[in-house]
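Tertiary structure, described
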Amino acid sequence: MSKNNKKKHKKREEDDNDLKKLTKKELLHRAKKFSEQYCVGDNKNFTLRDKPTSYSIEDDNISVRKTLRMGVKALAAMQDILYAQDKWSVLIIFQAMDAAGKDGAIKHVMSGINPQGCQVSSFKGPSSEELDHDYLWRCQKHLPERGRIGIFNRSYYEEVLVVRVHEQILKGQKIPEKLINANIWENRFEDIRNFEKYLNRNGTVVIKFFLNVSKEEQKRRFIERVDNPDKNWKFSAADAKERGYWNDYMHAYEELIKNTSTKKSPWYVIPADDKSYARIAIASAIIHALDEMDLEYPKVSVEKIAELNEVKKALLEE
Ligand code: ATP
Ligand code: MG
């Protein structure tokens, strides 16, 4: 083993030992502290300009690998209880500019989770059937069942993003002309706030992530998608064209986050230039949200326990 590898191996062993010592309470505390810095909550003075797109891992004393592994494990355990309890559900929304890492984040954060308890839905441009309905209709059909985690890869928030940036899309939505007025975006924010409040009141917790990638990093990733044949499929000229509207998108994101981030359904603005770091921050925020839900396995009645013991006795006597 080379000197460098030996060093790495030793560090990994140390990390593993640290990990074993970490109690559940400490882990939850770390997740809370770590994710809180990215939570917008109900801050009405939110501006995107102040939000970092990158973060130096050295600035934080939590090792990336360790935290992600710990986070994924904890998430899986919490999801098991959510599923067993079968009452609450969690809706996790991902929004971002192209190549910000939505797909990778979803894949990694959910990697330890029981697939039966998780549903991922991706939203592209609406079909003509979908355009024949109000814009929440197609999303409502994909809301998570009780006990499940639902992930939206893009969502009804596109209605105040791409639709706002390209107003011709709005004109194609078959909405009665007199309803398209100067208040339309404010109205949509209000509808979305009310919709999420309604979901909360029915047992669905909503968490929203904006993966905040810098324009420079997007450029680097786009070039990589052209240079690497295995990544060509991920890239299209349309993506590059959308990049030309960067400032309009940033304005739309800032407005929507300011207007739809609430205490109960907060936006998290995640620095996304470093993929590993972003994934840890996301996992931490989800763990924190699940912890706040005070989940517990369904209590079994005394009668039921007696019945189970009877069954066990019979099995042993067979
Ligand atoms: P990837 O590129 O990684 O596959 P993606 O989410 O970018 O993932 P695409 O098929 O490239 O998937 O893009 C989906 C497109 O659909 C985006 O440009 C998005 O803005 C657009 N879209 C989503 N919802 C709506 C909507 N309601 N109205 C119009 N366009 C929408
Ligand atoms: Mg795309």
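The structure we're discussing is the one just above.
Remember, it's a predicted structure, so these values are computed and weren't measured experimentally. (Residues numbered from 1 in each chain as written. Chains lettered and ligands numbered in written order. Predicted model: local features only at pLDDT ≥ 70, side-chain atom pairs only at ≥ 80, totals over all residues.)

Quick look at the overall build of the chain
Tallying secondary structure elements over the chain gives 14 helices and five strands in all. When its C-alpha atoms are laid out on the principal axes, the chain stretches across 75 × 60 × 40 Å. A burial count over the chain gives 28% of its 318 residues as buried. Intrachain contacts of the chain at a sequence separation of at least 6 include 85% that bridge at least 24 residues. (Helix = DSSP H or I, 4+ residues; strand = E, 2+ residues; numbered from the N terminus. Buried ≥ 20, exposed ≤ 12 C-beta atoms within 10 Å, placed from the backbone. Contact = placed C-beta atoms within 7 Å.)

A word on the pairing of strand β1 (residues 89-96)
Across the eight residues of β1, eight count as buried, placing the element largely inside the fold. Burial of β1 is two-sided: the residues S89, L91, I93 and Q95 facing one way and the residues V90, I92, F94 and A96 facing the other way are all buried. In this structure, β1 lies alongside strand β4 (residues 204-212), joined through eight bridges in parallel fashion. Note on β4: the bridge partner recorded for A96 is L211. (Pairing = 2+ DSSP bridges.)

Describing the sheet that holds strand β3 (residues 149-153)
Taken in spatial order, the five strands line up as β2-β3-β1-β4-β5 in an open sheet, and their pairing is parallel. Each edge of the open sheet is held by one strand with a lone partner, namely β2 (118-122) and β5 (267-271). For this sheet, the mean inter-axis angle between neighbouring strands, taken without regard to orientation, is 20°. Sheet strands touched by helix α4 (residues 102-109): β1, β2, β3 and β4. Its angle to β1, the strand with the most contacts, is close to 150°. (Axes fitted to C-alpha atoms, helices over the stretch in contact; angles between N-to-C directions.)

Things to note about the nonpolar core
In this structure, F94, L211, I270, I282 and I286 are the most contacted members of the largest nonpolar core, which totals 58 residues. Looking at which element gives the most residues to this core, the answer is helix α13 (residues 275-292), with 11 residues. (Core = buried A, V, L, I, M, F, W, Y, C linked by C-beta atoms within 7 Å.)

A look at the site of ligand 1
The environment of ligand 1 is formed by 14 residues, the closest being F123, K124, G125, E158 and V162. Among the residues forming the shell around ligand 1, the class breakdown is five nonpolar, two polar and seven charged. (Near = placed C-beta within 6 Å. Nonpolar A, V, L, I, M, F, W, Y, C, P; charged D, E, K, R; others polar.)

Considerations on the environment of N43
Note that N43 resides in the loop between α2 (24-36) and α3 (64-85). Given 13 C-beta atoms within a 10 Å radius, N43 is considered partly exposed. Here the alpha-carbon distance between N43 and T262, two residues 219 residues apart in the chain, equals 7.9 Å.

As for the environment of V160
Looking at the element boundaries, V160 is found in the loop between β3 and α7 (162-165). For the pair V160 and Q79, spaced 81 residues apart in sequence, the C-alpha separation works out to 31 Å. Contacts of V160, omitting those with residues within four sequence positions, involve W185, R188, F189, A252 and L256.

Some remarks on unusual backbone geometry
The phi angle of most residues is negative, glycine excepted, and most peptide bonds adopt the trans form. Although it is not a glycine, R154 adopts a positive phi angle of roughly 70°. Residue classification places R154 among the partly exposed positions, given that 18 C-beta atoms sit within 10 Å. The backbone phi angle of D294 is positive, close to 50°, even though this residue is not glycine. Among the secondary structure elements, D294 is positioned in the loop between α13 and α14 (302-317).

A closer look at the environment of G150
Mapped onto the fold, G150 is located in strand β3. Among the residues examined, G150 registers 20 C-beta atoms within 10 Å and is labelled buried. Measuring from C-alpha to C-alpha, the distance between G150 and S121 comes to 7.7 Å, with 29 residues separating the pair along the chain.

Some remarks on the packing of α2 against α13
For any two helices packed against each other, the geometry is given by the interaxial angle and the distance between the axes. Relative orientation of the contacting elements α2 and α13 amounts to 120°, with a least axis distance of 8 Å. As the angle between them shows, α2 and α13 are arranged oblique. When the axes of α2 and α13 are compared, the crossing they make is left-handed. Along the contact surface, α2 presents L28, A31, K32, F34 and S35, while α13 presents A281, S284, A285, I287, H288 and D291. Here the residues of the contact of α2 with α13 sort into six nonpolar, three polar and two charged. (Parallel < 35°, antiparallel > 145°, perpendicular 65-115°, else oblique. Left-handed = near helix turned anticlockwise from the far one by under 90°.)

Observations regarding the packing of α4 against α13
Two elements in contact, α4 and α13, have axes separated by 10 Å at closest approach and are oriented at 55°. The orientation of α4 with respect to α13, classified from their angle, is oblique. Pair α4 / α13 crosses with right-handed handedness. Along the contact surface, α4 presents G104, A105, H108 and V109, while α13 presents K275, A278, R279, I282, A283 and I286. In terms of residue class, the contact of α4 with α13 is made up of six nonpolar, two polar and two charged.

Keep in mind that these numbers describe shape and distance, not what the molecule does.
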